[in-house]
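# Examination of the molecular architecture
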Amino acid sequence: MKEAAAGKSSLTPIFPAMAGSRLLRPSIPFRFFGAAVIFHVGAWIALFIGADATPRFAGGLGWPLVVLHFVTLGVLAMSAIGASLQLLPVATRRSVGSERWPAAIWWLYTPGVAMTALGMGTGAVTALAAGAVAVVAALGIYAALLARNLVGAKGMPVVVAHGWAALASLAIVLATALALAGAYAGAPTLDRATVIGLHVVFAAYGFMGMLALGLSYILVPMYALSAAPAERPAWASFALAVLALLLAGAAALDFAPVALRTAAAAAGLASVALHLHLMTTALRTGMRRHLGRSFTLVRVAWAMLVASLLLALALVFDAPVDGLATSFGVVVIGGWLLTFLLGILQRIVPFLASMHAGQVGTRGRGLPPTPSALTAARPLAIHFACHLAALALLALAVAVDSALAIRAAAALGTAGALAFGAFFAAAMRRMRRPQAPAGTAAMPGS
Amino acid sequence: MSFQRQVSRALDDEHRASLDLLGRVESAFARTGRARMAGDAGLARLAGELAGQLEQEIGRHFDFEERELFPRLADAGEGGIAALLTEEHAAIRAVAAEALPLARAASAATLDAAGWDALKRATFELVERQVAHIQKETMALLPMLEDLLDEDADRELAFAHASG
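Predicted model, so just to flag it, every value in this text is computed and none were measured.

## Section: the overall build of chain A
For chain A, the helix and strand inventory stands at 13 helices and zero strands. When the helices and strands of chain A are read in sequence order from the N terminus, they spell out α-α-α-α-α-α-α-α-α-α-α-α-α. Here chain A holds 446 residues, and 57% of them are scored as buried. Sequence separation of 24 or more characterises 77% of the internal contacts of chain A that already satisfy a separation of 6 or more.

## Observations regarding the overall build of chain B
Across its full length, chain B carries five helices and zero strands. Taken from the N to the C terminus, the helices and strands of chain B come in the order α-α-α-α-α. Taking the principal axes of its C-alpha atoms as reference, chain B extends roughly 55 × 25 × 25 Å. Buried positions account for 45% of the 164 residues belonging to chain B.

## Quick look at the packing of helix α6 (residues 157-184) of chain A against helix α8 (residues 231-252) of chain A
Residues and elements named next belong to chain A. Following both chains from N to C, one finds α6 and α8 inclined at 10°, their axes separated by 10 Å at the closest point. With respect to their mutual orientation, α6 and α8 come out roughly parallel. Each of Val158, Ala161, His162, Ala165 and Ser169 in α6 lies in contact with α8, whose residues at this interface are Glu231, Ala234, Trp235, Phe238, Val242 and Leu245. Looking at side-chain class alone, the contact of α6 with α8 contains eight nonpolar, two polar and one charged residues.

## A few points about unusual backbone geometry
In this structure, Asp401(A) is a non-glycine residue whose phi angle is positive, near 55°. The class for Asp401(A) is partly exposed, based on 14 C-beta atoms found within 10 Å. Positive phi, close to 60°, is recorded for Ala109(B), a residue that is not glycine. Examined against the element boundaries, Ala109(B) turns out to sit in the loop between α3 (79-107) and α4 (113-148). Judged by the 12 C-beta atoms lying within 10 Å of it, Ala109(B) falls in the exposed class.

## Structural notes on the nonpolar core
Soluble globular proteins tend to bury their nonpolar side chains together. Residues and elements named next belong to chain A. Of all hydrophobic cores here, the largest spans 217 residues; its most connected members are Val75, Met208, Leu337 and Leu394. Broken down by element, this core gets its largest block of residues, 22 residues, from helix α7 (residues 192-224). Leu394 has contacts with Val330, Gly334, Ile406 and Ala409, leaving out every residue within four places of it along the chain.

## Section: the confidence of the model for chain A
All names here are of chain A. Averaged over every residue, the pLDDT of chain A is 87; the share at 70 or more is 90%. Contacts of residues 1-20 to residues separated by more than four positions or lying in other chains number 32 contacts, the stretch itself having pLDDT below 50. Low confidence marks residues 436-446, where pLDDT is under 50. Its contacts with residues over four positions away, or in another chain, come to 28 contacts.

## A word on the environment of Tyr217(A)
Residues and elements named next belong to chain A. Here Tyr217 shows up in helix α7. Along the chain, Tyr217 and Leu278 lie 61 residues apart, while their C-alpha atoms are 8.8 Å from each other. Contact partners of Tyr217, with chain neighbours within four places excluded, come to Met156, Val158, Val159, Pro229 and Ala234.

Rules used in this analysis
- Residues numbered from 1 in each chain as written.
- Chains lettered and ligands numbered in written order.
- Predicted model: local features only at pLDDT ≥ 70, side-chain atom pairs only at ≥ 80, totals over all residues.
- Helix = DSSP H or I, 4+ residues; strand = E, 2+ residues; numbered from the N terminus.
- Buried ≥ 20, exposed ≤ 12 C-beta atoms within 10 Å, placed from the backbone.
- Contact = placed C-beta atoms within 7 Å.
- Axes fitted to C-alpha atoms, helices over the stretch in contact; angles between N-to-C directions.
- Parallel < 35°, antiparallel > 145°, perpendicular 65-115°, else oblique.
- Nonpolar A, V, L, I, M, F, W, Y, C, P; charged D, E, K, R; others polar.
- Core = buried A, V, L, I, M, F, W, Y, C linked by C-beta atoms within 7 Å.
- pLDDT = per-residue confidence, 0-100.

Below you can see the structure in the form of structure tokens.
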């Protein structure tokens, strides 16, 4: 290791020639994660601005819609693109190919999301439509990259199957998004309730949900150092999830909606039960069982996934609870998907950063930094407390119809999002700079 | 992950054995107070096991991967991953070199309090580096071998590994 002895990363000259490799340059996934961090802050600020309209939000343009799309497009899909571009090639044993396309997606998608949200918040329909076209185009390119990677995939068939289901769901999400944006621009095509029904189900549980479940089969055993989850229940969970999506889709098209939505929720709950059994088994039997706050967030998210399906059932039967639809949105988007993502991101970011960090030395030994040396623990602790408190307060605020409580939740959420941003910035800074000369290795999993 | 190739399974078994020992040492350090480390017979015995692993197993395992597997990875267009894993080997070897004399001294009950602190710190770092490294090998190297090796190559490599 002459390069190591010289204190210089031997990876540096290799990356420019890595077009055929499964290991992407750090700037590819991190640009998506960085944008997600900024949209995360923006979402909580938008919630503060739109507090009055949030507790009984029932669709339509305005700041609650901005919040929803800052989170779904700006944070969830943005991170999912970055993570899947790095993780799926590892699972499928196929490279992404040229890195120009992922970079082009970011340049198209990021301003597109901002413009779409701006249009939603201000009622500027032209901006909304232009932003939506950019977002759909970017996600279309992403879908093509994803499809190319999944075709001929060699490993992890259950992960690949989840990828295909996410891809099919994305196609429905994009079609319905264009229909909705077209309707706002004065060109209605399909029945609005049908389009919204399809859009919500296939965005939350289809595209994002199937990616989250599928990537969990890579990430959870990897971090827990457990054996691979049993294949048969994983396939059963997948089949039930697809069945749930198909039933919910048919219900949105107004075929026996109550019966089919009930069956969809039941199939979804059965799918989730199997998935969580596999995940908790991996965590219980893995060689690393103490995975810290990040996996506490993941466990909270799993509980919220179950809660979201129960709330969906309550919606189907029109339970006499005020603000039920908004509560469902808070639980499925904030409780399940956002919490899950933030838990996983705080593991992925230092892990990837440590792979790309220069050998700038810990304790003057010329060694690359460890993931824990790149993790700012205090901001993560602040984020943990603020995020969970904000979500709890948000759920309470919706239940009691309090704009004041929404503002308090938004303030807490903003503080948490800024703390998460500080963690991300610290990881990026430490990845590039010499490490503090200290015994930096903390207890792994802390 | 579950592996079909003999050499993948053998390396996976060694990873697990290594992590098992490191995990036991880490847990023992975590639950033993600073003042009690020097007189703890169980900790001294574990330090002896750790010294054995650092002295023999890590070098043998890493040498085999670097000699037999990483060139195949590079030939398959994954030179970046091979270089990354090689760098991590170098880092782990460096930390192991720090920990080895301390572990030997701990095993022989000749380590002072400052030495126990240093051994604890080095062990924690070793655990973290090994965990992150094994996660990458489990995700990237071992599955790749399933594609790269045919049965004859797998048998030859498994033999070379066993006799190495």
